[in-house]
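Here is what each chain is made of, one letter per residue.
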Amino acid sequence: MLKLLRTLFRPELVLRRSSSSYVARMRYLTRLREDDEACLEALRSGRLLLYHRLAPLLQKTPAGLFQLPNICTNDLEGVLDKLGKSHALVKEAVLIGCTEKHEAQFSLDVGSLEQSEVERLCGGAFIDLRKAFFLLTGPEVPLVARGQTLLRWHQTNGFCSASGHPTFRNQSGSQRICHSSGHTYYPKMAPVVIALISDGSRCLLGRQATFPSGMYSALAGFCDMGETIEETLRREIAEEVGLELMSFRVSGSQHWPFPQSSFMVACQALVSPDNTQVSVDHAELEDARWFSLQEVQEALRLKKPPRNHQGAPPTLWLPPRYAIAHQLVVEWVQQQLATH
Ligand SMILES: NC(=O)c1ccc[n+]([C@@H]2O[C@H](COP(=O)([O-])OP(=O)(O)OC[C@H]3O[C@@H](n4cnc5c(N)ncnc54)[C@H](O)[C@@H]3O)[C@@H](O)[C@H]2O)c1
Ligand SMILES: [Mg+2]
């Protein structure tokens, strides 16, 4: 009987078990944000993601894959000892998460240390985050993005915009306070709407002049103050490519660390097949073009950026797998294959 019940209610049981450990982890993180002593204690046994001037430390495995090295506070203190530096640097770490084993995760910028020395002692290399997005896979990617963005926020919010006096962080780094004005500052994300526009059979991708050669992405734009998702989307598409939107649906969201920290709301959008004449605003985009399903499928199969020869039309190259633009493209391809 018990076995039968277990079989019948398995999904619920699994969900409840994983959700109770999730709840415990989230409550633990809340406590660490509120209690400086508890956070310092957690740092002693925690895991550290190291950055050098905001470039994360990556390690190459014997199989040639890239991963985040597993560094704990003791390891870093050993490195500091070898470099003749004080352990005080460790306390500058900011809290970014918690592993399933309840180990607190922190990020720390060691930009005050000699880069090559840290690389040698930790056995890795500091790699620009945009490049790291192409090298890492799995749940490490959002974590490394979160770690960098929180460090950047602290590095650029050292002063109160009301009083001009220094602001001071709590131990976890979840806020900064100005003792003069009494203002509390919390890390901010700028809302952005990103859309993969389709006319039913093709999709529209655009590129900025700063993108790597051949790379095209879904169209995106920052929300103006007070705008809704639909208002931003309609305005951005009209401004950037001169098209009138017919319909859209929200497909997902993601945090994006560039240029400061954006909250991307991702949409699949449709324009009428009778209204597909693109008029690019060259102040915003270098180019925007319609791509066929076949062109997009070929781009998804590429493992390395294509070598585009001068004069020849560039081969399409898509944003990294982690980028929500990439995920929108994959979703669109699946929809096309399912409906045609
Ligand atoms: N994750 C992804 O898949 C993905 C794909 C495409 C774009 N993006 C991101 O979306 C964001 C917005 O895209 P976009 O550049 O086309 O936006 P956009 O079309 O709104 O144009 C950017 C311009 O908007 C202005 N702007 C207004 N508010 C801003 C703010 N809060 N921060 C910075 N600039 C602001 C600036 O003048 C800037 O040059 C970028 O940060 C880009 O990195 C992410
Ligand atoms: Mg844009």
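Here the structure is a predicted model, which means the values were calculated and not measured.

K.L.:
What is the right way to look at the sheet that holds strand 10 (residues 184-185) in this model?
P.N.:
Sheet strands pair by backbone hydrogen bonding; their relative direction is either parallel or antiparallel. Spatial strand order, 8-9-10: 3 strands in an open sheet with antiparallel pairing. Looking at which strands have only one partner, the edges of the open sheet turn out to be strand 8 (168-169) and strand 10. Sheet analysis places strand 9 (residues 176-177) next to strand 10, joined by 2 bridges and oriented antiparallel. Each bridged residue has a counterpart across the sheet, and for I177 the counterpart in strand 10 is T184.

K.L.:
I would appreciate a short explanation of the site of ligand 1 in the present structure.
P.N.:
By nearness alone, 20 residues border ligand 1, and A220, F222, E240, Q254 and A325 come closest of all. Measuring from an oxygen atom of ligand 1, one finds a backbone N or O atom of F222 at 2.9 Å. Q254 has a polar side-chain atom sitting 3.0 Å from a nitrogen atom of ligand 1. If ligand 1 stood free it would expose 850 Å²; the protein chains cover 64% of that surface. For the shell around ligand 1, the secondary-structure elements that each account for two or more residues are strand 11 (190-198), strand 13 (219-222), helix 8 (229-241), strand 14 (247-256), strand 15 (262-270) and helix 10 (324-339). When grouped by side-chain class, the residues that make up the shell around ligand 1 number 12 nonpolar, 5 polar and 3 charged.

K.L.:
Whenever I open this one, the coordination of the magnesium ion (ligand 2) confuses me. Can you help?
P.N.:
Ideal values for angles at a metal depend on the geometry: 109.5 degrees with four tetrahedral donors, 90 or 180 degrees with six octahedral donors. In this structure, A220 (O) and E240 (OE) serve as the protein donors to the magnesium ion (ligand 2), at separations of 2.1 to 2.2 Å. Here the residue A220 occupies a position in strand 13, and E240 occupies one in helix 8, the gap between them amounting to 20 residues. Overall, E240 belongs to the buried group, its relative accessible area being 5%.

K.L.:
What am I meant to see in the pattern of salt bridges here?
P.N.:
Opposite charge on two side chains allows them to pair when their charged atoms are near. Overall, the coordinates contain 13 salt bridges when judged by the stated rule. For E117, the salt bridge goes to R120, with nearest N and O atoms at 3.0 Å. Note that E117 and R120 are positioned in helix 5 (residues 115-122) at a spacing of 3 residues, about one turn of the helix. Judged by its relative accessible area of 26%, E117 is partly exposed. The class of R120 is exposed, set by a relative accessible area of 56%. For the salt bridge of E236 with R235, the shortest nitrogen-to-oxygen distance reads 3.0 Å. One exposure class covers both E236 and R235, and it is buried.

K.L.:
What's the story with the pairing of strand 5 (residues 94-98) in this structure? I'm lost.
P.N.:
Side-chain positions along a regular strand alternate between the two faces of the sheet. Within strand 5, 5 of the 5 residues are buried, which leaves the element mostly enclosed by the surrounding structure. Bridge count between strand 5 and strand 6 (residues 104-109): 4 bridges; the pairing is antiparallel. Pairing of L95 across the sheet is with F106, part of strand 6. Linkage of strand 5 to strand 6, two consecutive antiparallel strands, is achieved through a turn of 5 residues, within which H102 is found at a positive phi near 65 degrees.

K.L.:
Just to check I follow, could you spell out the side chain of H52 for this structure?
P.N.:
Counting through the fold element by element, H52 comes out in strand 1 (residues 47-52). Taking relative accessible area as the criterion, H52 reaches 7% and is therefore assigned buried. Leave out the neighbours within four places in its chain, and H52 touches D109, V110, G111, L113, E114, Q115 and F126.

K.L.:
Whenever I open this one, unusual backbone geometry confuses me. Can you help?
P.N.:
For residues that are not glycine, phi is negative in most cases, and the peptide bond is trans in most cases. A cis geometry characterises the amide bond from F258 onward to P259, with omega recorded as -10 degrees. Of note, the phi angle at L54 is positive, near 75 degrees, even though the residue is not glycine. Counting through the fold element by element, L54 comes out in the loop between strand 1 and strand 2 (55-60). For L54, a relative accessible area of 13% puts it in the buried group. A positive phi angle is found at H102, which is not glycine, with a value near 65 degrees.

K.L.:
I would appreciate a short explanation of helix 3 (residues 36-45) in the present structure.
P.N.:
For an α-helix, 3.6 residues make a turn, and residues three or four places apart therefore share a direction. Taken together, the buried positions of helix 3 are occupied by A38, C39, A42 and L43. For helix 3, the buried positions fall inside an angular range of 145 degrees around the axis, keeping them on one side. In helix 3, the exposed residues that point more than 90 degrees away from the buried face are E37 and E41. Among the residues of helix 3, the N-terminal cap falls to D35, whose side-chain oxygen and the backbone nitrogen of E37 are separated by 3.0 Å.

About the criteria used
Residue positions are given per chain, counted from 1 along the sequence in the order it is written. By the order in which they are written, chains take letters starting at A while ligands take numbers starting at 1. Restriction of local features to residues with pLDDT of at least 70 applies here, the model being predicted, together with a cutoff of 80 or more for giving and counting side-chain atom pairs; totals for whole chains, interfaces and linings are based on all residues. Remark: hydrogens and water are excluded; side-chain values derive from all non-hydrogen atoms of the structure. Here the rule is simple: two strands pair whenever DSSP picks up at least two bridges between them. What counts as a helix is a DSSP run of H or I of at least four residues, what counts as a strand is a run of E of at least two, and both are numbered from the N terminus. What makes a residue near a molecule or strand is one non-hydrogen atom of that residue sitting within 4 Å of it. Counted as a polar contact is a pair of N or O atoms within 3.5 Å, where, for protein atoms, one must be capable of donating a hydrogen and the other of accepting one, and residues adjacent in sequence contribute only when both atoms are in side chains. Residue burial considers only the protein chains on display, and all accessible areas are found by Shrake-Rupley using a 1.4 Å probe. When residues are grouped by polarity, Ala, Val, Leu, Ile, Met, Phe, Trp, Tyr, Cys and Pro land in nonpolar, Asp, Glu, Lys and Arg in charged, and all others, Gly among them, in polar. Water is not among the atoms examined, so metal sites may look incomplete; donors are the N, O and S atoms within 2.8 Å of the metal, or within 3.2 Å for Na, K and Ca. Exposure categories follow from relative accessible area, calculated using a 1.4 Å probe and restricted to protein chains: below 20% of the type maximum is buried, above 50% is exposed, and the middle band is partly exposed. The salt bridge criterion pairs a side-chain nitrogen of Lys or Arg with a carboxyl oxygen of Asp or Glu, the two atoms within 4 Å. We call two residues in contact whenever any of their non-hydrogen atoms come within 4.5 Å of each other. This arc corresponds to the set of directions leading from the helix axis out to the C-beta atoms.

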